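A closer look at the structure
So you can see what is in the structure, the chains are spelled out below.
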Amino acid sequence: MAVKSNLEKIYEVKCGKGHYIFKLNSLLEKKNKTKNSVIVKKEIDFNSMQKLVTGNLTRIDLTIIAKLCNELECKLEDIVEYVNDPKTDDKN
């Protein structure tokens, strides 16, 4: 389940012995761009974009990541990051 941090506009999703941090919403704000403007310009499906914002996905489409990185002039880890936490039980 995704947990949203209102202060930073990021979502965290537990997975394995760590968690993913989805930072696309925060990145869009920093770059002063809207989801809709990027969707239209880069021809990205709305649902795919929304899943990358919330972390509600099972696979990441590298073509979409490449489009976002090009448009936002960023790296993959600016959009999504995996943080390993060895103290967490591996239940997922």
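Each remark here, short or long, concerns the structure printed above.
The rules behind the values
In this convention, every chain numbers its residues from 1, walking through the sequence in written order. Per-residue local features are limited, in this predicted model, to residues with pLDDT of at least 70; the limit for side-chain atom pairs, both in listing and counting, is 80 or more; totals at the level of whole chains, interfaces and linings are taken over all residues. Hydrogens and water are ignored here; the side-chain numbers use all heavy atoms of the structure. A helix here means a DSSP run of H or I that spans at least four residues, while a strand means a run of E at least two residues long, and both kinds are numbered starting from the N terminus. Only the protein chains shown count as cover for residues, and the accessible areas themselves come from Shrake-Rupley with a 1.4 Å probe. Think of a nonpolar core as a cluster: buried Ala, Val, Leu, Ile, Met, Phe, Trp, Tyr and Cys residues, connected wherever their side-chain atoms sit within 4.5 Å. Residue burial is assigned from relative accessible area. The probe radius is 1.4 Å, only protein chains are included, and a residue is buried under 20% of its type maximum, exposed over 50%, and partly exposed in between. Contacts between residues were defined by any pair of non-hydrogen atoms, one from each residue, lying within 4.5 Å. Basic side-chain nitrogens of Lys or Arg form a salt bridge, by our definition, when they fall within 4 Å of a carboxyl oxygen of Asp or Glu. Note on aromatic contacts: the rings of Phe and Tyr and the six-membered ring of Trp form a pair at centre separations within 6.5 Å, being stacked when their planes are under 30 degrees apart, edge-to-face when over 60 apart, and tilted otherwise.

1. Some points on the overall build of the protein chain
- Helix and strand counts for the protein chain stand at five helices and four strands.
- Element order for the protein chain, N to C, with α for helix and β for strand: β-β-β-α-α-α-α-α-β.
- Summing over all exposed atoms, the protein chain offers an accessible surface of approximately 6400 Å²; the carbon and sulfur share of this is 48%.

2. Brief notes about the nonpolar core
- One finds Leu-24, Val-38, Met-49, Leu-68, Leu-72 and Ile-79 to be the most contacted residues of the largest nonpolar core, which totals 20 residues.
- Elements that contribute at least two residues to this core include exactly β2 (10-15), α1 (24-30), α2 (35-42), α3 (46-54) and α4 (62-72).
- Of all the elements, α4 adds the most residues to this core, at five residues.
- Those residues in contact with Leu-24 that sit more than four places away from it in its chain are Met-49, Leu-52, Val-53, Leu-68, Leu-72 and Ile-79.

3. A look at the pattern of salt bridges
- Going through the model one piece at a time under the given rule, you end up with three salt bridges.
- Here Glu-81 ties to Lys-23 by a salt bridge, and the two come within 2.9 Å at their closest N and O atoms. Of this pair, Glu-81 sits in strand β4 (residues 80-84) while Lys-23 is found in the loop between β3 (18-22) and α1, placing the two residues 58 residues apart along the sequence.
- Of the charged contacts, one joins Glu-71 and Lys-41 as a salt bridge, the two residues approaching to 3.4 Å between their closest N and O atoms. Here Glu-71, found in helix α4, pairs with Lys-41, found in helix α2; they are 30 residues apart in sequence, far enough to count as distant.
- Residue Lys-41 is classed as exposed on the basis of its relative accessible area of 56%.
- Among the charged side chains, a network of salt bridges with common partners joins Lys-33, Lys-41 and Glu-71.

4. Quick look at the packing of aromatic side chains
- Considering all chains together, one arrives at two aromatic pairs under this definition.
- On the numbers, 6.2 Å between centres and 40° between planes, the contact of Tyr-20 with Phe-22 is tilted.
- On the basis of relative accessibility, which here comes to 30%, the residue Tyr-20 falls in the partly exposed class.
- Exposure remark for Phe-22: the relative accessible area of 3% places this residue in the buried category.

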